[in-house]
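A structural walkthrough
Chain by chain, the residues:
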There are 2 protein chains.
Amino acid sequence: MFVIDNSSKTPIYEQIKTQILALVSSGVLKPGDKLPSLRSLSSSMSLNINTIKKVFSELENDGVIISVLGSGSYVSDNAVRNPKILEKAENELTEALRSAKSVGVTKEEVLSLVEKIYEEEIR
Amino acid sequence: MFVIDNSSKTPIYEQIKTQILALVSSGVLKPGDKLPSLRSLSSSMSLNINTIKKVFSELENDGVIISVLGSGSYVSDNAVRNPKILEKAENELTEALRSAKSVGVTKEEVLSLVEKIYEEEIR
DNA sequence: ATAAGTGTGCTATCTGAGATAGCACACTTT
DNA sequence: AAAGTGTGCTATCTCAGATAGCACACTTAT
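Read on for an overview of the structure. (Residues numbered from 1 in each chain as written. Chains lettered and ligands numbered in written order. Predicted model: local features only at pLDDT ≥ 70, side-chain atom pairs only at ≥ 80, totals over all residues. Heavy atoms only, no water.)

Next up on the list: the protein's contact with DNA strand C. Taken together, the neighbourhood of DNA strand C is formed by 23 residues, with Leu38 and Arg39 of chain A together with Ile12, Asn50 and Thr51 of chain B sitting nearest. For DNA strand C, the backbone portion of the atoms within 4 Å of the protein, that is sugar and phosphate, comes to 57%. Between DNA strand C and leucine 38 of chain A there is a distance of 2.8 Å, counted from a phosphate oxygen to a backbone nitrogen or oxygen. Measuring from a base nitrogen of DNA strand C, one finds a side-chain N or O atom of asparagine 50 of chain B at 2.9 Å. The set of elements that each furnish at least two residues to the surface near DNA strand C consists of helix H2 (38-44), helix H3 (49-61), strand S1 (65-68) and strand S2 (72-75) of chain A together with helix H1 (12-26) and helix H3 (49-61) of chain B. (Near = heavy atom within 4 Å. Polar contact = N/O pair within 3.5 Å; in protein donor to acceptor, adjacent residues only side chain to side chain. Helix = DSSP H or I, 4+ residues; strand = E, 2+ residues; numbered from the N terminus.)

Below, the discussion takes up the side chain of lysine 17 of chain B. Structurally, lysine 17 of chain B is set in helix H1. Only 2.9 Å separates the side chain of lysine 17 of chain B from the side chain of glutamate 58 of chain B, close enough to count as a polar contact.

So, on to the interface of chain A and chain B. Taken together, the 32 residues of chain A in the interface contact 32 residues of chain B. Each partner contributes to the roughly 3600 Å² buried at the junction of chain A and chain B, and carbon and sulfur atoms together form 64% of this total. The largest share of the area that chain A buries against chain B comes from Lys101, Val103 and Tyr118 of chain A, three residues that together contribute 20% of it. Linking chain A with chain B are 6 salt bridges, by the criterion used here. A salt bridge links glutamate 120 of chain A to arginine 98 of chain B; the nearest nitrogen and oxygen atoms lie 2.9 Å apart. Going through the elements one at a time, helix H1 (12-25), helix H4 (83-102) and helix H5 (107-119) of chain A are the ones with two or more residues in the side of chain A that touches chain B. The greatest single-element share of the side of chain A that touches chain B, amounting to 13 residues, is contributed by H4 of chain A. A per-class count over the side of chain A that touches chain B returns 17 nonpolar, 5 polar and 10 charged. (Contact = heavy atoms within 4.5 Å. Buried area = accessible area lost by both parts, 1.4 Å probe. Salt bridge = Lys/Arg side-chain N within 4 Å of Asp/Glu carboxyl O. Nonpolar A, V, L, I, M, F, W, Y, C, P; charged D, E, K, R; others polar.)

What follows is the structure, encoded as structure tokens:
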């Protein structure tokens, strides 16, 4: 279902969260769409159900999905370009930019990197 | 000496490392300059000496400083725009850019953020 | 109605990274 | 000789992340 890098220092639940957000932003998952159940996801990914629970509860707290007891979890109406998610992404980008600048990466190098990233096709 | 945010998820040793790198890149610390000793740094910052040891050993491994037994630690000759450091910064920036893009941040928003960051004066 | 499937809410345990603590050693500087 | 320096250990503590298991409340499918 999702790709997990166990050697990454980024926690598994963050990796899954990121990938679900990407699916929502790219339109693969649309508002109202039903997500896989906690149990099916955790078993298919060989992860503990609590790990998936954490992903879903954070996504719900961010307003990206809505979980309904007994029924399932669904993409919320205002999931696309969600304010909390956008702000977090921008904050992280700001930190990375400040860090790069402080270490001597030039503005030109950054701009060319931005061009390159935004030319990449979405996988 | 350095500013530590204990609430940050970034480890203390990483925070110090980042700030030393900034001092080197900005020219406050020049090649050949002597760094404070492990013991003086750890005691003045109320941190364990092992935490500072980790900072210095990583910086030495990156080629930014050189530690001399019995004498002290010194900024190395090729510390400015050090390849390993630049590559790490660019990799992190790439990740942040991909993540922002995947979540719906537009290229224009990124470009304006880059402008803003590079207009900031160095503190 | 029943069974299966769903999310929720706990508690407990394990692991590894990060940080602390303390000691001994080798070497340089004063 | 004394003080200061980096190095190399081992041990301990804490916390986040992940696993494990159970009970409960509710919805959906049969």
